[in-house]
Amino acid sequence: MGKDYYSVLQITRSAKDADIKQAYRKIALNFHPVKNPGDRHASDRFRESSEAYDVLSNPQRKAIYDQFGEEGLKSGVPLDKNNWSDPYTFCGDPHKVFHEFFGGDNPFSDFYKHAELDKSENFGGLAGRGRKKQDPPIERDLMLSLEEVYHGCIKKMKISRRVMNDDGHTSSFKEKILTITVKRGWRPGTRITFEQEGDQGPNSIPADIVFIVKDKPHPIFRREASNLIYVQKIPLALALIGTTIHVPTLDGRVLDIPITDIVKPGFTRSVPGEGMPLVEDPNSKGDLIIEFDIEFPKYLNKDSKDFIKKALIPNAYKKEEKPKKQNIQMKSSDFED
């Protein structure tokens, strides 16, 4: 009678891939030769469990073994009229199977995580060696409109990453949706981290995926910290005599703001509490700052220029008084010597 690989791993024939992996992990950790120096029984159990896992973790080998047993597996069986399966021979190195299963160059890198072992007695000299290293974080831009940051929203981000298959050796690409709850007032540069959502690999810890908030260009506003900047075009005449401007807001309102001062280059008007929500207190807001772009006329006719001169330069039109002529009568005696 051939070997019963299921009995070696102490599982039933209905065991799934996850059950096979879990059983091998437990036995391999418990019977590893380093933990049991000089124990022949432990060494044999370690080798048997490695061979059993090597067979049952491979779908084709498992299917042949389930139908034809150890003899069929190791002798080869007909797959169809013209083809036979390759005879199976265990590689003979249980440590190779152990390394491939746990990943990394050091077979003890996962001992501390998966087995309750006495580190000081069994692995004190190996502490810190061969541990898996995490890949560098993967950074992506999270472009948000000012409206999304003003109100808050939910963003669904689709990623494609490499994941390890159940056999522990191969991998495939799968898509995943990451959900981000955008909080009101998030500023550019805010970082949202999803831990270990990067590509999986047998010898490394998946990278963190980090989304970094950036503002989408807005057709009306720009943001500076928690303030909103709005540029209002204003004709030169209204800049001089005053007007009322109508400014839209991110929540759909329109603000009517009277401008009574003379608008000079660099002049601004601040409206408190009409900017972006504050991250620390979303019910409070920054300011709306209105900048002005003064529009000058492209052409003025003579009458318009004269009108402006009279209004702005009144002294230019004051007539200068001509000096009065003096009548001087000369006597003949004035020319006598």
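No experiment lies behind these values; they were computed from the predicted model shown.

1. Points about helix 3 (residues 40-56)
Part 1: Helix length check: helix 3 (17 residues) gives 24 Å between terminal C-alpha atoms against 24 Å at 1.5 Å per residue, within 8%.
Part 2: Those residues of helix 3 that fall on the buried side of the exposure criterion are A42, R45, F46, S49, S50, E51, A52, Y53, D54, V55 and L56.
Part 3: Packing partners of the buried residues in helix 3 comprise helix 1 (5-8), helix 2 (17-31), helix 4 (59-75) and helix 5 (94-102).
Part 4: The backbone nitrogen of H41 has a side-chain oxygen 3.1 Å away, supplied by the residue at the start of helix 3, namely D39.

2. So, the packing of helix 2 against helix 3
Part 1: One can describe the packing of helix 2 onto helix 3 by two numbers: an axis separation of 9 Å at closest approach and a directional angle of 160°. The orientation of helix 2 relative to helix 3 falls into the category roughly antiparallel. The handedness of the crossing between helix 2 and helix 3 is left-handed. Across the interface between the two elements, I20, K21, Y24, I27, A28 and F31 from helix 2 touch H41, A42, R45, F46, S49, S50, Y53 and L56 from helix 3.
Part 2: Residues that form the contact of helix 2 with helix 3 fall into these classes: nine nonpolar, three polar and two charged.

3. Overview of the packing of aromatic side chains
Part 1: Using the criterion set out here, one finds nine aromatic pairs in the structure.
Part 2: A ring pair is formed by F46 and F98, whose centres lie 5.8 Å apart and whose planes are at 55°; its orientation type is tilted. Note that F46 is positioned in helix 3 and F98 in helix 5, a separation of 52 residues in sequence.
Part 3: Residue classification places F98 among the buried residues on the basis of a relative accessible area of 0%.
Part 4: An aromatic cluster of at least three residues, connected via ring pairs, comprises Y5, Y6 and Y65.

4. Comments concerning the sheet that holds strand 8 (residues 221-224)
Part 1: As summarised here, the arrangement of the four strands in space is 8-9-13-12, forming an open sheet in which the pairing is mixed. Strands with a single pairing partner mark the edges of an open sheet, and in this sheet they are strand 8 and strand 12 (268-271). Averaged over all neighbouring strand pairs, the angle between strand axes comes to 30°, with direction disregarded.

5. Side note on the pattern of salt bridges
Part 1: All chains considered together, the criterion is met by 21 salt bridges.
Part 2: With its nearest N and O atoms 3.5 Å apart, the salt bridge here joins R13 to D66. One end of the pair, R13, is in the loop between helix 1 and helix 2; the other, D66, is in helix 4, and 53 residues separate them in sequence.
Part 3: Salt-bridge contacts for R191 lead to E139; the nearest nitrogen and oxygen are separated by 2.8 Å. Residue R191 is found in strand 5 (residues 191-194), and its partner E139 is found in strand 2 (residues 138-144); the two are separated by 52 residues along the sequence.
Part 4: Looking at E139, the relative accessible area reads 48%, which means it is partly exposed.
Part 5: One salt-bridge network, held together by shared partners, links K3, E51, E70 and K74.

6. Observations concerning the nonpolar core
Part 1: Judged by nonpolar contacts, the single largest core of 35 residues is most densely connected at I180, F211, L288 and I290.
Part 2: When residues in this core are grouped by element, the largest group, four residues, is from strand 13 (residues 288-295).
Part 3: Once you skip the residues sitting within four places of it in the chain, I290 turns out to touch Y230, Q232, I245, V247, I257, F267, T268, R269 and V271.
Part 4: Core analysis: the second largest hydrophobic core is formed by 27 residues, L9, A23, L29 and L56 among them.

7. Notes on the environment of E280
Part 1: Locating E280 in the fold gives a position in the loop between strand 12 and strand 13.
Part 2: Since its relative accessible area comes to 63%, E280 is described here as exposed.
Part 3: With 96 residues separating them along the chain, E280 and R184 place their C-alpha atoms 9.5 Å apart.

Cut-off values and rules
- Residues numbered from 1 in each chain as written.
- Predicted model: local features only at pLDDT ≥ 70, side-chain atom pairs only at ≥ 80, totals over all residues.
- Heavy atoms only, no water.
- Helix = DSSP H or I, 4+ residues; strand = E, 2+ residues; numbered from the N terminus.
- Expected span 1.5 Å × (residues − 1).
- Buried < 20%, exposed > 50% of the residue type's maximum accessible area, 1.4 Å probe, protein only.
- Contact = heavy atoms within 4.5 Å.
- Polar contact = N/O pair within 3.5 Å; in protein donor to acceptor, adjacent residues only side chain to side chain.
- Axes fitted to C-alpha atoms, helices over the stretch in contact; angles between N-to-C directions.
- Parallel < 35°, antiparallel > 145°, perpendicular 65-115°, else oblique.
- Left-handed = near helix turned anticlockwise from the far one by under 90°.
- Nonpolar A, V, L, I, M, F, W, Y, C, P; charged D, E, K, R; others polar.
- Phe/Tyr/Trp six-rings, centres within 6.5 Å; stacked < 30°, edge-to-face > 60°.
- Pairing = 2+ DSSP bridges.
- Salt bridge = Lys/Arg side-chain N within 4 Å of Asp/Glu carboxyl O.
- Core = buried A, V, L, I, M, F, W, Y, C linked by side-chain atoms within 4.5 Å.

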